[in-house]
Amino acid sequence: MLRRATIQDLHKIVYVFNESMEDMEEHGYDKLDYLGEDTFRDGIENGYIYVRGIGTDIGGFIFISSNEILNSSHIKWSKNITGTSFHSITINKNYKDRGIEEELIFLAEDISRKYRLNYVRGCIYELNTDT
């Protein structure tokens, strides 16, 4: 089920993220050190984090908002108008290759349509060759 994250999800989100960072390191990618428990707590409290629940597990999560993407002030967008932004898609290693990434991105598109925003901006880790 796709839903907005709650504070009860915080520890599971942090766990999934940390497991993902370990996997990235094993494959030679840099860790995303700017994301931590405080960032996830803030994201939950502001309603920016959405999760794909699978039973009692978190299959994956995404940050979605109409605000600027975290650490993206250097990016020159082609249009300077409000849209939906997403970043930090993280998938539980136990649920890879199940289409969760696509579900989360489609959710960002659906939210954009719901609020009649013109487009969706995605921020993907530039060294991620798996996307």
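Keep in mind it's a predicted model, so treat the numbers as computed, not measured.

## Some words on the nonpolar core
Argument step 1. In terms of nonpolar packing, the biggest core is built from 17 residues, with Ile-13, Phe-40, Ile-49, Val-51 and Phe-61 touching the most fellow members.
Argument step 2. Those elements giving two or more residues to this core turn out to be helix H1 (10–26), helix H2 (37–45), strand S2 (49–54) and strand S3 (57–65).
Argument step 3. By residue number, the principal contributor to this core is H1, which donates seven residues.
Argument step 4. With sequence-adjacent residues up to four places away left out, Phe-40 is seen in contact with Leu-10, Ile-13, Val-14, Phe-17, Leu-35, Ile-49, Phe-61 and Phe-63.
Argument step 5. Counting 11 residues, the second largest nonpolar core, distinct from the first, contains Ile-62, Phe-86, Ile-91 and Leu-104.

## Structural notes on the packing of aromatic side chains
Argument step 1. One pass over the structure, following the stated rule, counts three aromatic pairs.
Argument step 2. The interplanar angle of 85° and the centroid separation of 5.6 Å between the aromatic rings of Phe-40 and Phe-61 together place this pair among those described as edge-to-face. With Phe-40 in helix H2 and Phe-61 in strand S3, the pair connects residues that are 21 residues apart, well separated along the chain.
Argument step 3. Plain terms: the ring middles of Phe-40 and Phe-63 are 6.0 Å apart, the flat faces sit at 40° to each other, and that makes the pair tilted. Placement of the pair is Phe-40 in helix H2 and Phe-63 in strand S3, with a sequence separation of 23 residues. By the burial criterion, Phe-40 is buried, and Phe-63 matches it.

## A few points about a negative patch on the surface
Argument step 1. Side chains of Glu-22, Glu-25, Glu-26 and Asp-30 sit close together on the surface and give a patch of like negative charge.
Argument step 2. Mapped onto the elements, Glu-25 comes out in helix H1.
Argument step 3. For Glu-25, a relative accessible area of 46% gives the class partly exposed.

## Regarding the pairing of strand S4 (residues 84–91)
Argument step 1. Of all eight residues making up S4, seven are buried, and the element is well covered by its neighbours.
Argument step 2. Taken together, the five bridges between S3 and S4 define a ladder with antiparallel strand orientation. Paired with Gly-60 across the bridge in S4 is Ile-91.

## Focus: the environment of Lys-12
Argument step 1. Here Lys-12 shows up in helix H1.
Argument step 2. Note: C-alpha distance between Lys-12 and Asp-57 (45 residues apart in sequence) is 7.6 Å.
Argument step 3. Contact partners of Lys-12, with chain neighbours within four places excluded, come to Thr-56 and Ile-58.
Argument step 4. Within polar-contact distance, the side chain of Lys-12 engages the backbone oxygen of Thr-56 at 2.3 Å.

## Remarks on unusual backbone geometry
Argument step 1. A positive phi is found at Asp-97, a non-glycine position, where the angle reads about 60°.
Argument step 2. Looking at where Asp-97 falls in the secondary structure, it is placed in the loop between S4 and helix H3 (100–114).
Argument step 3. With a relative accessible area of 77%, Asp-97 lands in the exposed category.

## Thoughts on the environment of Asn-46
Argument step 1. Along the chain, the position of Asn-46 falls in the loop between H2 and S2.
Argument step 2. Residue classification places Asn-46 among the partly exposed residues on the basis of a relative accessible area of 42%.
Argument step 3. Each C-alpha atom, one on Asn-46 and one on Ser-65, is 9.3 Å from the other, the two residues being 19 residues apart in sequence.
Argument step 4. In this structure the side chain of Asn-46 is engaged in a polar contact, spanning 2.8 Å, whose partner is the side chain of Asp-42.

Thresholds applied
- Residues numbered from 1 in each chain as written.
- Predicted model: local features only at pLDDT ≥ 70, side-chain atom pairs only at ≥ 80, totals over all residues.
- Heavy atoms only, no water.
- Core = buried A, V, L, I, M, F, W, Y, C linked by side-chain atoms within 4.5 Å.
- Buried < 20%, exposed > 50% of the residue type's maximum accessible area, 1.4 Å probe, protein only.
- Helix = DSSP H or I, 4+ residues; strand = E, 2+ residues; numbered from the N terminus.
- Contact = heavy atoms within 4.5 Å.
- Phe/Tyr/Trp six-rings, centres within 6.5 Å; stacked < 30°, edge-to-face > 60°.
- Patch = residues over 30% accessible without salt bridge, like charges linked within 9 Å, V, L, I, M, F, W, Y side chains within 5 Å.
- Areas by Shrake-Rupley, 256 points an atom, 1.4 Å probe, with all protein chains shown as cover.
- Salt bridge = Lys/Arg side-chain N within 4 Å of Asp/Glu carboxyl O.
- Lys, Arg positive; Asp, Glu negative; His and termini not counted.
- Charge placed at Lys NZ, Arg CZ, Asp CG, Glu CD.
- Pairing = 2+ DSSP bridges.
- Polar contact = N/O pair within 3.5 Å; in protein donor to acceptor, adjacent residues only side chain to side chain.

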